[in-house]
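Residue-level structure breakdown
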Amino acid sequence: METVDDHLEPSFILGPETSRPRKIAVVGGTHGNERGGVWVVEDLLGRPQDWQVPGLEVIGLLANPLAIQRNLRYLDRDLNRCFGPQLLHSRPDHEVWERRRALEIFEILGGGADRPDLVIDLHNTTANMGLTWILTSLDPWPLYLAAKAQESDPRVRILHTPESAQSNVFLPSLGSHEITLEIGPVPHGTHSHWAWLAARDQTRQALHRLASASDDFSPSQALQEMRFEFYQTLSVESYPLDVNGKPCALIHQEAQGRDYQPFAEGMALFVDPSRETTIPHRGPPMVPVFLGEAAYVESGIAFHATRRLHWTGTRGEPC
Ligand SMILES: [Zn+2]
């Protein structure tokens, strides 16, 4: 079990405030078979006038065009693990396509000097994630936007997955602020009406909320008046393994789709099909997300364990 606490102490405190983000990159197709974001960005690129928002510079990027063309998550390597410190491995002549592409994206998005103020990266899941806003820190602007989104749409969940500069290898780290949207359940590689609408509307509403904020608006102050629930990632959990290190269990049918629902000790989590025995959850209560996610099967990841927190105005406290 890899525990988030192993490499950093999760912070529950609001981060420092910056000026309002103005240059926004909307990214789709970081995973080529997650089509909702691809449709959104193609719309943005094809009809930029419809996406113009006063006071903002909105740019669209299809991150992995070769993977989109082939309707695959990636060709050689997960592009969304090629940033942060991993970018040092990129070279223009690297044999791995995603390593080359990561460097191109770094340059397209301003090469660090002219980086976007905010990157919104649009993803889909087969897991029942609803409309999940993933934040890698309690950064006031993204947290404020996420909280407002949750206020106006009960399907929205806020998931704080703390990352350090070392562990943040994700594309949105190219922005000064970062948001990843995970929308599901959607079968990967399919054109889903609701998932496209959700990605488009969440993105547009976030842009309009940013544009309507006055120059002296403080998201930290606004957050002081807000109360909401969010989740914090505690650990990444693998499928049970046999003696050869091969996964030997399935997600139990009673557990499937129960993302964001609390699991108490003893509740059915996996089933061992060779003996048809139930493998229950052991340990303190936890809330799973990415439960049975198809994209994580190749890594042997069964779910991420989280806990529910309550936003008190200045910090998160366990419920
Ligand atoms: Zn993805």
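Residues numbered from 1 in each chain as written. Predicted model: local features only at pLDDT ≥ 70, side-chain atom pairs only at ≥ 80, totals over all residues.

1. Observations regarding the overall build of the protein chain
This is how it is decided: Runs of E in the DSSP output that reach at least two residues are strands. Runs of H or I that reach at least four are helices, and both are numbered from the N terminus. Radius of gyration here is computed from C-alpha atoms only, and the compact-globule reference equals 2.2 Å multiplied by the residue count raised to the power 0.38. Exposed residues have 12 or fewer other C-beta atoms within 10 Å of their own C-beta, buried residues have 20 or more, and partly exposed residues fall in between, where C-beta atoms are placed from the backbone. Here the contact rule is simple: place C-beta atoms from the backbone, and any two residues whose C-beta atoms are within 7 Å are in contact.
Scanning the protein chain for helices and strands turns up eight helices and 14 strands. Taking 20 Å as the expected radius of gyration for a compact globule of 319 residues, we find that the protein chain reaches 19 Å, a close match to that expectation. Within the protein chain, buried positions represent 44% of all 319 residues. Taking contacts inside the protein chain between residues at least 6 apart in sequence as the whole, the part at least 24 apart equals 70%.

2. Re the sheet that holds strand β11 (residues 277–280)
Here is the rule we go by: When DSSP finds two or more bridges between two strands, those strands count as paired.
The strand order across the open sheet built from three strands is β9-β10-β11, with neighbouring strands paired in antiparallel fashion. The strands lining the two open edges of the sheet, one partner per strand, are β9 (250–251) and β11. When β9 meets strand β10 (residues 268–272), the two strands line up antiparallel, connected through two bridges. For L250, the partnering residue across the bridge sits in β10 and is V271.

3. Description of the pairing of strand β13 (residues 301–311)
Summarising the sheet, strand β8 (residues 228–238) and β13 pair through 10 bridges and their orientation is antiparallel. Looking at β13, one finds that F230 is bridged to L309. Taking the residues that link successive antiparallel strands as the turn, the β13-strand β14 (residues 316–318) hairpin has four residues, and the phi of G313 there is positive, at about 120°.

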